Structure formats: C-alpha cells, structure tokens
Amino acid sequence: QVQLQETGGALVQAGGSLRLSCLASGRTFSRYTVGWFRQAPGKEREFVSGIHWSSGSTSDADSVKGRFTSSRDNPKNTVFLQMNNLKPEDTDIYYCAARRFNVISYSSSDYDYWGQGTQVTVSS
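Rules and cut-offs
Residues numbered from 1 in each chain as written. Predicted model: local features only at pLDDT ≥ 70, side-chain atom pairs only at ≥ 80, totals over all residues. Heavy atoms only, no water. Helix = DSSP H or I, 4+ residues; strand = E, 2+ residues; numbered from the N terminus. Contact = heavy atoms within 4.5 Å. Polar contact = N/O pair within 3.5 Å; in protein donor to acceptor, adjacent residues only side chain to side chain. Disulfide = S-S within 2.5 Å. Buried < 20%, exposed > 50% of the residue type's maximum accessible area, 1.4 Å probe, protein only. Core = buried A, V, L, I, M, F, W, Y, C linked by side-chain atoms within 4.5 Å.

On to the environment of D60, then. Within the element layout of this structure, D60 appears in strand β6 (residues 58-60). With 44 residues separating them along the chain, D60 and I104 place their C-alpha atoms 9.9 Å apart. Leaving out residues up to four positions away in the same chain, D60 has contacts with F47, V48, S49, K65, F68, T69, S70 and Y106. Separated by 2.6 Å, the side chains of D60 and S49 make a polar contact. Side chain to side chain, D60 and T69 meet in a polar contact 3.3 Å long.

Structural data, given as structure tokens:
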C-alpha cells in the first residue's frame, strides 16, 4: 500500500518561498510519477507540477512556470515542490499524488494515491 505524507505548508508573505515535501512509502517508486495539486474550497484540484521518479523529468503548469518546480531525493523516497515568489492567489491546500505510470498527467483522476494535504497561506 502506497502512503504519501506532505509537510512544509506554512503562512508566508507574498514574494517569499516555501519548499513542500512528500514522503512516500510502501513501494519501490522507480516506475511512478508524482504530481503536486492544489485545491481551494469549492474548487477542483488543479495540477501544479509533476516529476517522473526515475528520470527526474518534470512538468510545471503554465500558471506557476518559472516560480514552482518539483525535484526528488530518491534515497529518501521524497519529492519536493519548491515554490518561489509566492502570491496570495497561491493560497490553497497542496497535495502530492502518485501514479504507477511513466507519464506525468495533469488530471487528478489519473492518480491512484494521495496524501492528506498541507496548507499554504500567502499574505499580501
């Protein structure tokens, strides 16, 4: 059973940076991709960034390109979301998710495993 646990959410001022972590357990993740999503109350989950565990290739949503990106530490089974130049509209709950497929998907329905989320709040 795959388990994901996000940490690193916080209150930060606009223009600041945060790094979220997603600790994965329960599998060998070499054939998995991990996606970061965010969701505001009453809205659908939005893809933010994704990474292929084995190759390290990444894909970032246009809305955050140049500010957010994913990385991973394979020995520690951890994926990171580095968020720079944060804006108040980045305020959301952020989730990591995993799928056993070699292609990064932007669709939340393609992911099989989810963490519980971590709150990011950006003040103006």
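This next bit is on the state of the cysteines. Taken as a whole, this structure holds 1 disulfide when the rule is applied. The disulfide that involves C22 links it to C96, with 2.1 Å between the sulfurs. Measuring the twist about the S-S bond at about 70°, one finds the C22-C96 disulfide to be right-handed. Residue C22 is located in strand β3 (residues 18-25), and its partner C96 is located in strand β9 (residues 92-99); the two are separated by 74 residues in the primary sequence. Each member of the pair, C22 together with C96, is buried.

Attention shifts here to unusual backbone geometry. At N77, a position not held by glycine, the phi torsion is positive, near 50°. Looking at the secondary structure, you find N77 in the loop between β7 (68-73) and β8 (78-83). Here N85, not a glycine, exhibits a phi torsion of approximately 50°, which is positive. Structurally, N85 can be placed in the loop between β8 and β9.

This part is about the nonpolar core. By size, the foremost hydrophobic cluster in this structure holds 32 residues, and its most contacted members are L4, W36, F68, L81, M83 and Y94. Put simply, the parts of the chain that give this core at least two residues each are β3, β4 (33-39), β5 (46-52), β8, β9 and β11 (118-123). Excluding residues within four positions of it along the chain, L4 makes contact with C22, L23, A24, C96, A97, A98, Y113, W114, G115 and Q116.

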